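Survey of secondary and tertiary structure
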Amino acid sequence: MEENLFLLIGALLSLGCAVSACFFLRAGWRKDYRRAFLLKSSAGICFVLLGVLTRRFCQNELFGLFVLAGLCLGLLGDQLLAMRYMKPEQHDRFFSLGAAAFALGHLLYIAALLRCGAALSLALPVFALGLGASMLFFRAEKVQAGKLQLPAVGYIALVVFMAAAACSAAVRGFSVGLLLFAAGGICFAVSDNLLCAYCFGTGRSRSVDRAVHISYYAAQLLIAWSLRFL
């Protein structure tokens with residue numbers, strides 16, 4: 001009975017995240033930024049609560065703590081990024097603060113993965129391949145972030161390394177939890193590359209915006225669900 005209740009609550013939180021994200025996008029396209037902020041916060045609260053729920057089953061206590069803290073920083077990053085539309089005169093400041101929150105979250109994810117067997121000998125080749133693909137994508141999309149260009153590249157490098165570490169841990173450990181985390185890491189890398197193209201390149205369209213958020217929320221939900229199997 002407890003397992004069935006867990007699955008029901010987990011499914012409802014995942015659905016709540018998806019529905020909130022859908023309405024958030026619609027509010028953003030209509031430039032109803034206050035409503036978008038609330039809906040984006042709601043979606044983030046859903047994946048954080050899912051992490052709280054699944055952490056109960058995680059056998060590696062420190063891993064669970066690091067991942068839950070990373071999810072909370074993702075919620076904070078969401079709120080800061082949403083604020084740049086409510087206060088456009090401080091756009092770059094909120095963008096930088098949001099990226100910093102996410103960067104700290106990724107560092108915690110990396111620390112957790114290293115504790116779960118991620119090996120640099122496996123992660124570094126994947127990282128090099130992923131970063132090279134990201135730079136080619138930036139060039140194709142003519143990404144020009146001005147004074148944020150170098151921090152943007154550094155941030156993408158961090159996200160790609162997190163994804164590479166997750167893939168490395170999944171190859172070595174080969175468990176359901178690590179496979180879910182690896183899929184989440186890849187989704188994160190895809191989402192943030194698309195976000196840079198959307199904000200600073202030629203990829204500014206609703207379809208790209210939709211892809212950014214689908215891959216982003218998939219990443220957070222996959223990472224939250226991974227705790228159930230670790």
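Residues numbered from 1 in each chain as written. Predicted model: local features only at pLDDT ≥ 70, side-chain atom pairs only at ≥ 80, totals over all residues. Heavy atoms only, no water.

Generally speaking, a soluble globular protein has its nonpolar side chains buried in company with each other. Core analysis: the largest hydrophobic core is formed by 65 residues, its most contacted members being Val67, Phe181 and Phe188. Mapped onto this core, the elements with two or more residues apiece are α1 (2–29), α2 (33–55), α3 (61–86), α4 (91–115), α5 (120–140), α6 (149–173), α7 (176–200) and α8 (206–226). Considering each element in turn, this core owes the most residues, 14 residues, to α6. Membership of the second largest hydrophobic core comes to 6 residues, among which are Leu80, Ala82, Met83 and Ala101. (Core = buried A, V, L, I, M, F, W, Y, C linked by side-chain atoms within 4.5 Å. Buried < 20%, exposed > 50% of the residue type's maximum accessible area, 1.4 Å probe, protein only. Helix = DSSP H or I, 4+ residues; strand = E, 2+ residues; numbered from the N terminus.)

On the surface, Leu5, Leu8, Ile9, Leu12, Leu15, Val19 and Phe23 cluster together into a nonpolar patch covering about 610 Å² of accessible area. In this fold, Leu8 is placed in helix α1. (Patch = residues over 30% accessible without salt bridge, like charges linked within 9 Å, V, L, I, M, F, W, Y side chains within 5 Å. Areas by Shrake-Rupley, 256 points an atom, 1.4 Å probe, with all protein chains shown as cover. Salt bridge = Lys/Arg side-chain N within 4 Å of Asp/Glu carboxyl O.)

Below, the discussion takes up a positive patch on the surface. Side chains of Arg26, Arg30, Arg35, Arg206 and Arg210 sit close together on the surface and give a patch of like positive charge. Mapping Arg26 onto the fold places it in helix α1. (Lys, Arg positive; Asp, Glu negative; His and termini not counted. Charge placed at Lys NZ, Arg CZ, Asp CG, Glu CD.)

Now for the packing of α4 against α6. Orientation of α4 relative to α6, taken along the N-to-C sense of each, is 25°, at an axis distance of 9 Å. Relative to α6, α4 is oriented roughly parallel. Crossing hand, α4 versus α6: left-handed. Two secondary-structure elements touch here, α4 through Ala99, Phe102, Ala103, His106, Leu107, Tyr109, Ile110 and Leu113 and α6 through Tyr155, Leu158, Val159, Phe161, Met162, Ala165, Ala166 and Ala169. Residues that form the contact of α4 with α6 fall into these classes: 15 nonpolar, 1 polar and no charged. (Axes fitted to C-alpha atoms, helices over the stretch in contact; angles between N-to-C directions. Parallel < 35°, antiparallel > 145°, perpendicular 65-115°, else oblique. Left-handed = near helix turned anticlockwise from the far one by under 90°. Contact = heavy atoms within 4.5 Å. Nonpolar A, V, L, I, M, F, W, Y, C, P; charged D, E, K, R; others polar.)

Let's shift gears to the packing of α5 against α7. Where α5 contacts α7, the axes come no closer than 10 Å and their chain directions differ by 20°. Taken together, the axes of α5 and α7 are roughly parallel relative to one another. The two elements α5 and α7 cross, and the hand of that crossing is right-handed. Of α7, the residues touching α5 (which contributes Ser134, Phe137 and Phe138) are Asn193, Leu194, Cys196 and Ala197.

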